[in-house]
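What follows is each chain in one-letter form.
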Amino acid sequence: MARPLIMAANWKMHLAPAAARDFARAFLSGFVARPDRRYWFFPSAVSIEATAAAFAGAERVSVGCQDVHWEPKGAYTGATSVPLAKGAGASLALVGHSERRHVFGETDADTARKVASAHGGGLTPLLCVGEQLAEREAGTTEAVVLRQLRAALGGQDVGLIGAVVVAYEPVWAIGTGKTATPADAGLVHRAIRSELVRMGHPSPLILYGGSVNEGNVAGLAAEPEIDGVLVGGASLDPAAWRRICEVP
Ligand code: 13P
């Protein structure tokens, strides 16, 4: 039986509103959403409204913000609050993406506040965790991702924990063309899943991200521990992204 999957596109700092509208038109032309799949799009904050409007009425499609601030409003130049993202049409929020952590210096404590604000404001948090190359080589992958998980979710209420979706994205695999093998990713997903269950999550969903493309998506999607994929570069072309979304 085909496994239910979440196919998530992270457009990062690409696709202005007009390009996002063109993408949606091309992607949706002749597209049939599968009942066992969800299609998530994370445009730049400036393109959330255009993306949400362009996908309005499309079945099983949701739009999210790539990052949110922990305060609902205030003097935080350049930041996007949960109410602002929601007002633009978002229903999801990426939190703790590795580029936020390692390029912008976001801490574990920041991710905890952001997860809480996303959930509190009505957005589903997609919490990202993942180890750097040196950490993998030192054999500390599991310790790192479980630390990130506990830091973001420890002490949060069980309603929040049960609402979180997690993405495992090894930093060394993001944008590098290197992917974790399905079996390696599966091991980390298993550790994340048991920790989430221990924390009270009734049915964790864990996506894999890091250089997912048309060539490797089938193998990843077939791994029972992988509940979907979070894709950067290969999600920017509507035809290629369609083929990835249509993986058997
Ligand atoms: P790439 O698919 O470009 O490696 O990016 C992965 C990612 O960071 C998705 O959030």
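Residues numbered from 1 in each chain as written. Predicted model: local features only at pLDDT ≥ 70, side-chain atom pairs only at ≥ 80, totals over all residues. Heavy atoms only, no water.

Engineer: Can you tell me about the side chain of Asp-227, naming the residues and giving the values?
Structural biologist: Position of Asp-227 relative to the elements: it lies in the loop between helix H10 (217-222) and strand S8 (228-231). At a separation of 3.0 Å, a polar atom in the side chain of Asp-227 contacts the side chain of Arg-193. Excluding residues within four positions of it along the chain, Asp-227 makes contact with Arg-3, Pro-4, Leu-5, Ile-6, Arg-193, Pro-204, Leu-205, Ile-206 and Leu-207. (Helix = DSSP H or I, 4+ residues; strand = E, 2+ residues; numbered from the N terminus. Polar contact = N/O pair within 3.5 Å; in protein donor to acceptor, adjacent residues only side chain to side chain. Contact = heavy atoms within 4.5 Å.)

Engineer: Could you give me a rundown of the environment of Val-158, with the residues and numbers involved?
Structural biologist: Inspection of the secondary structure puts Val-158 in helix H8 (residues 158-163). Considering only alpha carbons, one finds Val-158 and Phe-23, 135 residues apart in sequence, at a separation of 37 Å. Apart from residues lying up to four places away in sequence, Val-158 is in contact with Met-199 and Gly-200.

Engineer: Can you explain the site of the ligand? Please cite residues and give values.
Structural biologist: Taken together, 13 residues surround the ligand, and among them Lys-12, His-97, Gly-175, Ser-211 and Gly-232 come closest. One nitrogen or oxygen atom from the side chain of Asn-10 is found 3.0 Å from an oxygen atom belonging to the ligand. Between an oxygen atom of the ligand and a side-chain N or O atom of Lys-12, the distance comes to 2.8 Å. Protein coverage of the free-state accessible area of the ligand, which is 310 Å², stands at 95%. Partitioning the shell around the ligand into residue classes produces 4 nonpolar, 7 polar and 2 charged. (Near = heavy atom within 4 Å. Areas by Shrake-Rupley, 256 points an atom, 1.4 Å probe, with all protein chains shown as cover. Nonpolar A, V, L, I, M, F, W, Y, C, P; charged D, E, K, R; others polar.)

Engineer: Before we move on, can you summarise the pattern of salt bridges with the specific residues and values?
Structural biologist: Counted under the stated rule, the structure contains 20 salt bridges. Among the salt bridges present, the one from Arg-113 reaches Asp-110, with a minimum N-O distance of 3.7 Å. On the criterion of helical spacing, the pair formed by Arg-113 and Asp-110 is a turn pair, its members being 3 residues apart in helix H5 (residues 108-120). Taking the shortest distance from any N to any O, the salt bridge between Glu-246 and Arg-242 comes out at 3.0 Å. Ionic contacts of the salt-bridge type, sharing partners, join the residues Asp-67, Arg-100, Glu-106 and Lys-114 into one network. (Salt bridge = Lys/Arg side-chain N within 4 Å of Asp/Glu carboxyl O.)

Engineer: Requested: an account of the packing of aromatic side chains, with residues and values cited.
Structural biologist: Evaluation of the coordinates by the stated rule reveals 10 aromatic pairs. Ring geometry for Phe-31 versus Tyr-39: centroids 5.0 Å apart, planes at 85°, classification edge-to-face. Accessibility assignment for this pair places Phe-31 and Tyr-39 in one class, buried. Connected via pairs of aromatic rings, a cluster forms that spans Trp-11, Phe-23, Phe-27, Phe-31, Tyr-39, Phe-41 and Phe-55. (Phe/Tyr/Trp six-rings, centres within 6.5 Å; stacked < 30°, edge-to-face > 60°. Buried < 20%, exposed > 50% of the residue type's maximum accessible area, 1.4 Å probe, protein only.)

Engineer: Describe unusual backbone geometry, and please don't skip the residues or the numbers.
Structural biologist: A positive phi is found at Leu-15, a non-glycine position, where the angle reads about 65°. Secondary-structure assignment places Leu-15 in the loop between strand S1 (5-10) and helix H1 (17-28).

Engineer: A description of the packing of helix H7 (residues 141-153) against helix H9 (residues 182-199) should follow, citing residues and the corresponding values.
Structural biologist: Helices that pack against each other are described as a pair by the angle of their axes relative to one another and the distance between those axes. Look at H7 against H9: their axes get within 10 Å of each other, and the N-to-C directions meet at 30°. Overall, the two elements H7 and H9 adopt an arrangement that is roughly parallel. Note on packing geometry: the crossing formed by H7 with H9 is right-handed. Residues Thr-141, Glu-142, Val-145, Leu-146, Leu-149, Arg-150 and Leu-153 of H7 lie in contact with H9, whose contacting residues are Val-188, Ala-191, Ile-192, Glu-195, Leu-196, Arg-198 and Met-199. (Axes fitted to C-alpha atoms, helices over the stretch in contact; angles between N-to-C directions. Parallel < 35°, antiparallel > 145°, perpendicular 65-115°, else oblique. Left-handed = near helix turned anticlockwise from the far one by under 90°.)

Engineer: Residues and numbers for H5, please.
Structural biologist: Since one α-helical turn is 3.6 residues long, residues separated by three or four positions face the same way. Compared with an ideal rise of 1.5 Å per residue, which puts 13 residues at 18 Å, H5 spans 18 Å between its outermost C-alpha atoms and is within 8% of the ideal. Lining the buried residues of H5 we find helix H3 (82-88), strand S4 (92-95), helix H4 (98-102), strand S5 (124-129), H7 and H8. Backbone geometry just downstream of H5 places Gly-122 in the positive-phi region, at approximately 95°. (Expected span 1.5 Å × (residues − 1).)

Engineer: Could you give an account of the sheet that holds S8, with specific residues and numbers?
Structural biologist: Read around the barrel, 8 strands follow the order S1-S2-S3-S4-S5-S6-S7-S8 and close on themselves; strand pairing throughout is parallel. Each strand of the sheet is rotated relative to its neighbour by a mean of 25°, with strand direction disregarded. Two strands pair when backbone bridges link them, and strand S7 (residues 206-209) and S8 are joined in this way by 2 bridges, in the parallel orientation. Bridge pairing in S8 links Gly-209 to Leu-230. (Pairing = 2+ DSSP bridges.)

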